[in-house]
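Here is what each chain is made of, one letter per residue.
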Amino acid sequence: MRNRNLWLALIGLLAVLALWVDFTETRIEIGFLGLQREIRTVLGLDLQGGIQILLEADVPPNQLVDRGNLEDTRRIIENRVNALGVTEPVVQIAGTRRIVVELPGVTNLEQAVNTIKQTGLLEFVDAGATPIPEGTTIRTSLDLPITGTAPVTATPSLAPTPSLTGTAEVTGTAPLSPTEPVYRTIMTGRNLRSARPQLDEFRQPEVAFTLDAEGTRLFAEYTSRNVGRYLCIVLDKKVISCPVIQEPITQGQGVIRMGFGGTLADAEALAVTLRYGALPVPLKIVDTRNIGPTLGQESIRRSLIAGIIGFSTVALFMILYYRAPGVLAVLALSLYTALVFAIFKLLPVTLTLPGIAGFVLSIGMAVDANILIFERLKEELRAGRDLAMAIDYGFERAWPSIRDSNISTLITCAILYIFGLNFGASMVRGFALTLAIGVAASLFTGIWVTRAFLHVLLDRLRPGVHRGWFGL
Amino acid sequence: MIDIIGKRYWYFALSLLVIVPGLISLALYGLPLAIDYTGGAMLELRLPAGAAPSSEEMIGIVRQATGFPTADIRAQPSLQGTLIIRTREMDAATQARVMEALRARYGDVVLERFESVGPTVGAEVTRGALVAVAMASVAIMLYLTFAFRQVPHAFRYGVAAVLALLHDVAVVVGAASIFGKVFGWEVDALFLTAVLTIIGFSVHDSIVVFDRIRENLLRYRGEPYERIVNHSILQTLDRSLNTQLTLIFTLVALLLFGGTTIRQFIATLLIGMISGTYSSIFNAAPILVVWEKREWRTWFRRPAEQPVP
């Protein structure tokens, strides 16, 4: 008796807690546990609107991608994305060679892609007669927005300067410190069309590159006049390599020899830098998804209506068909709904449209445990047992089928969750996760909570009467 | 007493009647695979009120903006009043050009949804799907063999449940093929989710019936197997129908009022759930009887002695 009241008190407490979590959006801090958690509903891209981009390492399929490099790449992309000012961008490694970027609330796909794919600033600068050591940070005639508060003048050059982008802004008013030379930029990475590693006829590694029309003109002009001098490849103002100009390059195609002791890996690394700027792993976009914000809002509204209607019909059916136990089942079901939603907010589970579908569906399933038990209960009552016995037998006998069927559903959920990542979109996982949480919670509310309720009802009833209350 | 087991071949025939047209459609037209599997791009647009361009006009605009051949562009209105354009894979810059061209022509065009999937991703999804279905079947078969280890021939229960499961997959895949042809349905990543859920429920339903058989076998030793199975089906019939009803309630609510983007998903689930309940009562349990009596020995030999066609 006392035990039962304790059960009820616990269930009541749980219900109050769950409801509190359901209806608040706040931060909780439990000091002595060091627990900090934000309680809020996390909406997936399909409900909130936004952009999802799947990037894949642009290397041959059988080539392994170094985990550390991939992680560096992820961090660089995260930094770039942060510049967009999105509230909660997600940049995650997916599998062994992919990175998922999610940008909630962003609508301009082109801008997003450009931000992600933006390469570091690659420049080819005129180093004159002496090479600059690798890794040196230099100033160039090309003004950079990041550093460029102080206007820069171009270095005086004997050769007539071909007009360059960026030099147009040169004002020449700010004096330059004499200690810091400013190197002239011949062209930027924009003019580079391709770069790939290869071996020359002596099996020495080199990087072959091709230029676009403007690059070809600029390069032809410059290299014809500067044979024997040094041309430095500079990424974000940092010198990467300073090859010597051995002969004029006039056709827009050339090679950078790696020199004595250079390896093919060095050539590959240089080619990657030339092509992609700073990313350690070259990336290509393999999948883009863009959901407009109105579609998301509409989906939320509709799911809510569907949930309410689904819940009400199930409740009505249960009460009409099973009477008193039906009422209890509906109470347990309400607790179930509050509980599951609270778990979603606490974990948190990102709610997607399929995820909500899984949740609403699990309401239907949660009732199944009750139906199984109540049918058993009725059978036992028909067989002439008194109520208390019938309730205990009903639960006991229904348990194996509830257990086995729910375990098989959980097995399916687990397989969906494990393989969900391979299905390209995370929505499969969302569905599996919400369904699994629903199944677990329904075992609790459908069995223990309903049973506690039934026994409390029984304590207030005289056995033998009120059989009509059980739909008999 | 209703005799379900006695009429088992009629119920098998009914299953075939539903499955065979679907399989024929599958053989003739295949599955209407969405870009999730094939690769390609999809734009869902909402045009301002009053603008009702023809498909040809749309295709013309898209072709000019993208440079894709006409054969690679399809445009069709959706049930929700939006316009869906499908093309081969498209990058962000191309998408921006398409939107620019459309806005120049029709004014305020809203891009509700844009997806572009590379062919390698699509192939991976297909492979992953097959692996997942196979894995789920094996895992469930193993679990059932374990759960029924106390009754003779526990393995049969696992096999019968998986056969019923394959029945439901066949029904749903066949339906998808037919509806793809008739209503323009598409098989996307969500369809796969639906199929896997149906597998879960189908087994769930079979287990409830099997569980009763397990219990009754231990209780009524010596009774003919056939009678025990039939009795078990009848005992669980109320529960099966009631569970089915509640599921149908929630699914119909989702179908009528839920998000438009998941409508096909819900409809697929609905078909699968109904098939799942049917197969657990009328296929899975009778298969156990067929197996117990080794009836296949008389299938082709002496038709005169067969109880039902």
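Model, not experiment: these values are computed from the prediction.

Remarks on the interface of chain A and chain B
Consideration 1: With 56 residues of chain A at the interface, the matching set in chain B holds 58 residues.
Consideration 2: Residue assignment for the side of chain A that touches chain B shows that the elements contributing at least two residues are helix H4 (109–117), strand E14 (283–291), helix H7 (293–346), helix H8 (353–382), helix H9 (387–420) and helix H10 (427–459) of chain A.
Consideration 3: At 13 residues, the largest contribution of residues to the side of chain A that touches chain B is made by H7(A).
Consideration 4: Taken together, the residues of the side of chain A that touches chain B sort by class into 33 nonpolar, 16 polar and 7 charged.
Consideration 5: Summarising the sheet, E14(A) and strand E4 (residues 110–117) of chain B pair through 5 bridges and their orientation is antiparallel. Residue pairing for E4(B): Asn290(A) is matched across the bridge by Phe114(B).

Describing the pairing of strand E5 (residues 98–104) of chain A
Residue and element names in this part refer to chain A.
Consideration 1: Counting buried residues along E5, 7 of its 7 residues qualify, which places the element largely inside the surrounding structure.
Consideration 2: Taking every second residue as pointing to the same face, both faces of E5 are buried, with Arg98, Val100, Glu102 and Pro104 on one and Ile99, Val101 and Leu103 on the other.
Consideration 3: Note that strand E3 (residues 50–57) and E5 share 7 bridges and pair antiparallel. Each bridged residue has a counterpart across the sheet, and for Gln52 the counterpart in E5 is Glu102.
Consideration 4: As paired strands, strand E4 (residues 90–94) and E5 are joined by 5 bridges and run antiparallel to one another. Within E5, the position partnered with Gln92 by the bridge is Val100.
Consideration 5: The loop that links E4 with its antiparallel partner E5 comprises 3 residues; one of these, Gly95, has a positive phi angle of about 70°.

Topic: the domain arrangement of chain B
When the parts of a complex come together, some accessible area is lost, and that lost area is often taken as the interface size.
Consideration 1: Domain annotation for chain B reports domain 1 (5–34 + 121–305) and domain 2 (40–117).
Consideration 2: With centres defined by C-alpha atoms, the gap from domain 1 of chain B to domain 2 of chain B works out at 40 Å.

Section: unusual backbone geometry
All names here are of chain A.
Consideration 1: In the segment running from Leu347 into Pro348, the intervening peptide bond is cis, with an omega of -15°.
Consideration 2: Relative to the elements of secondary structure, Pro348 occurs in the loop between H7 and H8.
Consideration 3: A positive phi is found at Arg203, a non-glycine position, where the angle reads about 60°.
Consideration 4: Judged by C-beta crowding, with 7 C-beta atoms within 10 Å, Arg203 ranks as exposed.
Consideration 5: The residue Arg323 is not glycine, and still its phi comes out positive at about 60°.
Consideration 6: With respect to the element layout, Arg323 can be found in helix H7.

Observations concerning the packing of helix H1 (residues 8–29) of chain B against helix H9 (residues 263–293) of chain B
How two helices sit against one another is set out by the angle between their axes and by the gap between those axes.
Residues and elements named next belong to chain B.
Consideration 1: Where H1 meets H9, the closest approach of the two axes is 10 Å, and the angle between their N-to-C directions is 135°. When the axis of H1 is compared with that of H9, the two are oblique. Two packed elements cross with a definite hand, and for H1 against H9 that hand is left-handed. Contacts between H1 and H9 involve Arg8, Tyr11, Phe12 and Ser15 from the former and Phe282, Asn283, Pro286 and Val289 from the latter.
Consideration 2: In terms of residue class, the contact of H1 with H9 is built from 5 nonpolar, 2 polar and 1 charged.

Observations regarding the environment of Glu380(A)
Residue and element names in this part refer to chain A.
Consideration 1: Structurally, the position occupied by Glu380 is in helix H8.
Consideration 2: A residue is classified by how many C-beta atoms lie within 10 Å of it, and Glu380, with 20 of them, is buried.
Consideration 3: A sequence separation of 11 residues divides Glu380 from Ile391, and the C-alpha atoms of the two residues are 8.2 Å apart.
Consideration 4: The contact partners of Glu380, leaving out residues within four places of it in the chain, are Arg385, Ala390, Tyr393 and Gly394.

Considerations on H8(A)
At 3.6 residues per turn, the α-helix brings residues three or four places apart onto the same side.
Residues and elements named next belong to chain A.
Consideration 1: Its 30 residues place the ends of H8 44 Å apart at the C-alpha level, agreeing with the 44 Å of an ideal helix rising 1.5 Å per residue.
Consideration 2: Across the 30 residues of H8, 27 count as buried, placing the element largely inside the fold.
Consideration 3: Trailing H8 by a residue or two, Gly384 shows a phi angle of about 95°, which is positive.

What counts, and where the lines are drawn
- Residues numbered from 1 in each chain as written.
- Chains lettered and ligands numbered in written order.
- Predicted model: local features only at pLDDT ≥ 70, side-chain atom pairs only at ≥ 80, totals over all residues.
- Contact = placed C-beta atoms within 7 Å.
- Helix = DSSP H or I, 4+ residues; strand = E, 2+ residues; numbered from the N terminus.
- Nonpolar A, V, L, I, M, F, W, Y, C, P; charged D, E, K, R; others polar.
- Pairing = 2+ DSSP bridges.
- Buried ≥ 20, exposed ≤ 12 C-beta atoms within 10 Å, placed from the backbone.
- Domains from an automatic or database assignment.
- Axes fitted to C-alpha atoms, helices over the stretch in contact; angles between N-to-C directions.
- Parallel < 35°, antiparallel > 145°, perpendicular 65-115°, else oblique.
- Left-handed = near helix turned anticlockwise from the far one by under 90°.
- Expected span 1.5 Å × (residues − 1).

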